[in-house]
Amino acid sequence: MSADNGLSQVPQDFRAALAQLRRAHPRDGIELTEIPAPGHLAPFAVAVRADVRRVAGVVAAPAAGRRSGPAADVLVAGGRSGGAAGDELATGRFVLLHDPAEPPAWGGAFRVVTWARAAVAREVGRDAGTGALAWAWLLEALERHRAGYSREGGTASRVLAEGFGVLGDQEEGADVELRAAWTPDGPDVEPHLAAWADTVCTFAGLPPYPQGVTVLHPRR
């Protein structure tokens, strides 16, 4: 049962989690929109799409060295999307799953499954440490928002793009993707959404950044 099947059979904990997602206020520059949730992963689920676009007057980070349903149709537009499709800097998905039976693999009744992708400069895509950096951002964001979690896991991918033939003159670039999942400590999921939103914004090279964070350089 996905989040859009009505409230009559929805557990109270899941309803409380949905209410938190509906009142979330992410940072400027990111737009969160509810999308159809996968129906095969859990009895109850809600999914959110994130889009980070250029904000008027804000420039994405320049190159720098790497250092060591019941939910609303549109959850919230935390910033001003206001740009054309070509202004997209990063995108992602946040899926909250709920199973009152508490599957052993989850270690709890809730599970968060996420994905994020951003276009970056080719030299960043070639850097073997980029995936580890993206994973570290997520964990740091969860800690910063005091989002208790366990059973975390993820994979990072770097995809290099090169054109041939009639596309031979297109700019070479790269995409970085992070897929991650974790088990929240309880139905208090707003900090988890906020941490993930921060991570997607950092993927996009969109300031402001937490102190000490080094960003990936967006592909221009």
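Reading the values: the criteria
Residues numbered from 1 in each chain as written. Predicted model: local features only at pLDDT ≥ 70, side-chain atom pairs only at ≥ 80, totals over all residues. Heavy atoms only, no water. Helix = DSSP H or I, 4+ residues; strand = E, 2+ residues; numbered from the N terminus. Buried < 20%, exposed > 50% of the residue type's maximum accessible area, 1.4 Å probe, protein only. Areas by Shrake-Rupley, 256 points an atom, 1.4 Å probe, with all protein chains shown as cover. Salt bridge = Lys/Arg side-chain N within 4 Å of Asp/Glu carboxyl O. 1 Å grid on protein atoms, 1.4 Å probe; cavity = no way out; pocket = protein on both sides within 12 Å on 5 of 7 lines; lining within 4 Å. Points joined across faces, edges and corners; volume = space filled by probe spheres on them. Nonpolar A, V, L, I, M, F, W, Y, C, P; charged D, E, K, R; others polar. Contact = heavy atoms within 4.5 Å. Core = buried A, V, L, I, M, F, W, Y, C linked by side-chain atoms within 4.5 Å. Expected span 1.5 Å × (residues − 1). Pairing = 2+ DSSP bridges.

What about the overall build of the protein?
Scanning the protein from N- to C-terminus turns up four helices and seven strands. In the protein, the succession of α and β elements from N to C terminus is α-β-β-β-β-β-α-α-β-β-α. When the 220 residues of the protein are sorted by exposure, 48% land in the buried category. Accessible surface, the protein: about 10600 Å² in total, of which carbon and sulfur atoms supply 50%.

Some details on the pattern of salt bridges
By the definition in use, this model includes four salt bridges. A salt bridge links Asp198 to Arg144; the shortest N-O distance between them is 3.4 Å. Of the two residues, Asp198 sits in helix H4 (residues 190–203) while Arg144 sits in helix H3 (residues 130–144), which places them 54 residues apart along the sequence. Given a relative accessible area of 13%, Asp198 falls into the buried group. For Arg144, a relative accessible area of 38% translates into the label partly exposed. When the shortest N-O distance is used, the salt bridge between Glu177 and Arg179 registers 3.8 Å. Its relative accessible area of 18% is what places Glu177 among the buried residues.

Quick word on empty space enclosed by the protein
One number sums up the size of the largest cavity: a volume of about 40 Å³. Among the secondary structure elements, those contributing two or more residues to the lining of the largest cavity are strand S5 (110–120) and H4. A per-element tally of the lining of the largest cavity places S5 first, with three residues. Taken together, the residues that form the lining of the largest cavity break down as five nonpolar, two polar and no charged.

As for unusual backbone geometry
Positive phi outside glycine occurs at Arg146, with the angle close to 55°. Here Arg146 lies in the loop between H3 and strand S6 (149–161). In this structure, Arg151 takes a positive phi of about 50° despite not being glycine. Here Arg151 lies in strand S6.

Focus: the environment of Ala50
With respect to the helices and strands, the residue Ala50 is situated in strand S2 (residues 44–53). Ala50 sits 18 residues away from Leu32 along the chain, and the two C-alpha atoms are 4.7 Å apart. When sequence neighbours within four positions are dropped, the list of residues in contact with Ala50 reads Ile30, Glu31, Leu32, Ala90, Thr91, Gly92 and Trp196.

Brief notes about the nonpolar core
One finds Phe14, Ile30, Val52, Phe94, Leu96 and Phe203 to be the most contacted residues of the largest nonpolar core, which totals 46 residues. At the level of secondary structure, the elements contributing two or more residues to this core comprise helix H1 (12–22), strand S1 (30–35), S2, strand S4 (88–98), S5, H3, strand S7 (173–184) and H4. For this core, the element with the highest residue contribution is H4, accounting for seven residues.

A few points about H3
Between its first and last C-alpha atoms H3 spans 21 Å; for 15 residues at 1.5 Å apiece the expected length is 21 Å, and the two agree. Two residues or fewer after H3 comes Arg146, characterised by a positive phi angle close to 55°.

What about the pairing of S4?
Looking down a regular strand, the side chains alternate between one sheet face and the other. In terms of residue burial, S4 counts as a mostly covered element, since nine of its 11 residues are buried. Examined bridge by bridge, S2 and S4 share 10 bridges and lie antiparallel to one another. Paired with Ala47 across the bridge in S4 is Val95. As defined by bridge partners, S4 adjoins S5 across nine bridges and the pair is classed as antiparallel. In the sheet register, Ala90 faces S5, and the bridge partner there is Ala118.

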